[in-house]
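What the coordinates show
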Amino acid sequence: MENVTDRIRNPFDMRPPCERFVPGYGDANADFHVVGDHPGVHGGLDTGVPFTNDAGRRLQTALADAGLLRTTGDSPEVDGTFFSYLHLCAPEDEEPPQSSYDDLERFFDAELRAIAAHVLLPVGAKATAHVLETYTAQAWKTEIDMEALHGTELRGSGFLVVPIREPAEWDETHHDRLVDGIETLRSTDYRREADLGRFGAGNDPYMVR
């Protein structure tokens, strides 16, 4: 089922309990959902758009090279992609307390399920840990090795997951590894849909995961 909204900024009108926040941005019918930590880490405080600080632009460039963005910048033109944060409120401190993440998780989860992307791309250890613990059946009992996971495909519960190392920590190899990983994934049947319409009357397809 497709969303009917054509809004790019905050398509589901999220209203978290804070004065400053950076809502989701992108295609409400995206196949790829990029998940960041919070605006203080991954940008957006000045532009209102996630991943628009220096490190975020580095990520944007890689996503554009992989075919997920048509343009980069303060208002990137997306191509089947959506951006959002675990903690969409602008933190007063460098790192919000866990209780604040817990309180805002309902907004993130509602947006993630509304987008219903096929591929989740968590950025950084915090977002990756949350996505793996919440949206996959895999048990991660040891510290997550972002260097090893960067740009690799993991199976989730209804999702594919491609973790991304914190862009501020990239060296000259991380851009190409991410681009190669996404391009390889896009060359496969990553949607993993079946047409149940063939069992009903008429010729209309009914695609489900």
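Heads up: the structure comes first, above all this text.
If you're wondering where the values come from, they're calculated on a predicted model, not measured in any experiment. (Residues numbered from 1 in each chain as written. Predicted model: local features only at pLDDT ≥ 70, side-chain atom pairs only at ≥ 80, totals over all residues. Heavy atoms only, no water.)

Let's talk about the overall build of the protein chain
Looking only at helices and strands, one finds six helices and eight strands in the protein chain. Counting every position in the protein chain, which comprises 209 residues, the buried fraction comes to 47%. Contacts spanning at least 24 positions in sequence make up 62% of the contacts within the protein chain whose residues lie at least 6 apart. If you sum the accessible surface of the protein chain, you get close to 10500 Å²; carbon and sulfur atoms cover 46% of it. (Helix = DSSP H or I, 4+ residues; strand = E, 2+ residues; numbered from the N terminus. Buried < 20%, exposed > 50% of the residue type's maximum accessible area, 1.4 Å probe, protein only. Contact = heavy atoms within 4.5 Å. Areas by Shrake-Rupley, 256 points an atom, 1.4 Å probe, with all protein chains shown as cover.)

Quick look at unusual backbone geometry
In the Ramachandran plot, D13 falls in the positive-phi region, its phi being about 55 degrees despite a non-glycine side chain. Of note, D13 is situated in the segment before strand 1 (25–26). The class of D13 is partly exposed, set by a relative accessible area of 37%. Phi is positive for A116, which is not a glycine, with a value near 55 degrees. As for its placement among the helices and strands, A116 is situated in the loop between helix 3 (98–115) and strand 4 (119–122).

Examining empty space enclosed by the protein
According to the stated counting rule, one finds one cavity of 30 Å³ or more in the structure shown. There is about 40 Å³ of room inside the largest cavity. Lining the largest cavity, in full, are M14, V22, G24, S84, Y85, L88, F107, F108 and E111. For the lining of the largest cavity, the secondary structure elements donating two or more residues are strand 3 (81–85) and helix 3. For the lining of the largest cavity, the per-class residue count stands at six nonpolar, two polar and one charged. (1 Å grid on protein atoms, 1.4 Å probe; cavity = no way out; pocket = protein on both sides within 12 Å on 5 of 7 lines; lining within 4 Å. Points joined across faces, edges and corners; volume = space filled by probe spheres on them. Nonpolar A, V, L, I, M, F, W, Y, C, P; charged D, E, K, R; others polar.)

With respect to the pattern of salt bridges
Going through the model one piece at a time under the given rule, you end up with ten salt bridges. For R70, the salt bridge goes to E77, with nearest N and O atoms at 3.7 Å. Assessed through its relative accessible area of 38%, E77 is described here as partly exposed. Of the charged contacts, one joins R70 and D79 as a salt bridge, the two residues approaching to 3.4 Å between their closest N and O atoms. Here the salt bridges share partners, and the residues they tie into one network are E147, R165, E169 and R177. (Salt bridge = Lys/Arg side-chain N within 4 Å of Asp/Glu carboxyl O.)

Focus on the packing of aromatic side chains
Applying the stated rule across the entire model yields five aromatic pairs. Consider the rings of Y135 and F159, whose centres lie 6.0 Å apart with planes at 80 degrees: the pair is edge-to-face. Linking Y135 in helix 4 (residues 124–135) with F159 in the loop between strand 5 (154–155) and strand 6 (160–161), this pair joins segments that are 24 residues apart in sequence. Accessibility classification places Y135 together with F159 in one group, the buried group. Here the aromatic cluster, defined as three or more aromatic residues joined through ring pairs, consists of F51, F83 and Y85. (Phe/Tyr/Trp six-rings, centres within 6.5 Å; stacked < 30°, edge-to-face > 60°.)

A look at the sheet that holds strand 1
Read from one edge to the other, the open sheet built from six strands follows the order 1-3-2-4-6-5, with strand pairing classed as mixed. Where the open sheet ends on each side, the last strands, each with one partner, are strand 1 and strand 5. Summarising the sheet, strand 2 (residues 32–36) and strand 4 pair through four bridges and their orientation is parallel. By the bridge assignment for strand 4, H33 is matched with L120. Helix-sheet contacts for helix 4 involve strand 2, strand 4, strand 5 and strand 6, and the interaxial angle to strand 4 is about 145 degrees. (Pairing = 2+ DSSP bridges. Axes fitted to C-alpha atoms, helices over the stretch in contact; angles between N-to-C directions.)

What about the pairing of strand 4?
Residues V119 and L121 line one face of strand 4 and the alternating positions L120 and P122 line the opposite face, and both faces are buried. Where strand 4 meets strand 6, two bridges bridge the pair, whose relative direction is parallel. Bridging across to strand 6, L120 finds its partner in V161.

Thoughts on the nonpolar core
Within the largest apolar cluster, 27 residues are counted, with the highest numbers of intra-cluster contacts made by V34, L59, L63, F83, V119, L121 and L178. Going through the elements one at a time, strand 2, helix 2 (54–65), strand 3, strand 4 and helix 6 (174–186) are the ones with two or more residues in this core. The leading source of residues in this core is helix 6, at four residues. Excluding its chain neighbours within four sequence positions, the residues that come into contact with V119 are D31, F32, H33, L160, V162, L185 and Y190. Listed in part, the 17 residues of the second largest apolar core include V131, I144, L149 and V161. (Core = buried A, V, L, I, M, F, W, Y, C linked by side-chain atoms within 4.5 Å.)

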